[in-house]
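Below, each chain spelled out in residue letters.
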Amino acid sequence: MAVRHRLIEATVADVWRVLADPARYSDWVVGTADSRPRRGNWPEVGASLTYVLGIGRWSVRGRTTVRRCEAPHILELEADSGRIGTARIALEVRRWGDNALVTLDEHPLRGPAGKLHNTAVDALIQLRHRSVLARLAQTVEAAPKGAREAV
């Protein structure tokens, strides 16, 4: 299981505002582009969005569905990358002083990704998590101060 933490110099509400915006998904999720709502009201349970998942010249349409949402602290997603399979992606956002501590926990569920899951795959996921959390922090921290405080 690949678990990684990141301290984000913003409030829990600031982090949640980005996580709850389906248009921002491809801003912080590595390898995705052109995210848009598919069904429901993101991030309510059952809501989903689509995106293009690209690696080099290769690309495929992906879909992510909300499986659990306890705003503003817990968001669990199931990402479906077609033939590759699905993965559980769990984000927990905790208050840490004046900032937010984000924990990202991901593991393959179904399809080839789930069947071939091993420690080498976890090591690759850890590298991806480093980038995902860095991009999330950058997206949250780059928001104009007035937008970060409004809610």
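Residues numbered from 1 in each chain as written. Predicted model: local features only at pLDDT ≥ 70, side-chain atom pairs only at ≥ 80, totals over all residues. Heavy atoms only, no water.

Draft legend 1. Structural view of the pattern of salt bridges. In total, this model carries 10 salt bridges according to the counting rule given. With a shortest N-O distance of 3.1 Å, D14 and R17 are connected by a salt bridge. In this pair, D14 and R17 are both assigned in helix α1 (residues 12–19), three residues apart and thus about one turn of the helix distant. Between R94 and E92 there is a salt bridge, and its shortest N-O distance comes to 2.9 Å. In this structure, a network of salt bridges that share partners links the residues R68, E70, E76, R88 and D105. (Salt bridge = Lys/Arg side-chain N within 4 Å of Asp/Glu carboxyl O. Helix = DSSP H or I, 4+ residues; strand = E, 2+ residues; numbered from the N terminus.)

Draft legend 2. Representation of the nonpolar core in the model. Residues V15, L19, W28 and L136 are the most contacted members of the largest nonpolar core, which totals 30 residues. Those elements giving two or more residues to this core turn out to be α1, α2 (25–28), β3 (48–55), β5 (74–80), β6 (86–96), β7 (99–110) and α4 (119–141). (Core = buried A, V, L, I, M, F, W, Y, C linked by side-chain atoms within 4.5 Å. Buried < 20%, exposed > 50% of the residue type's maximum accessible area, 1.4 Å probe, protein only.)

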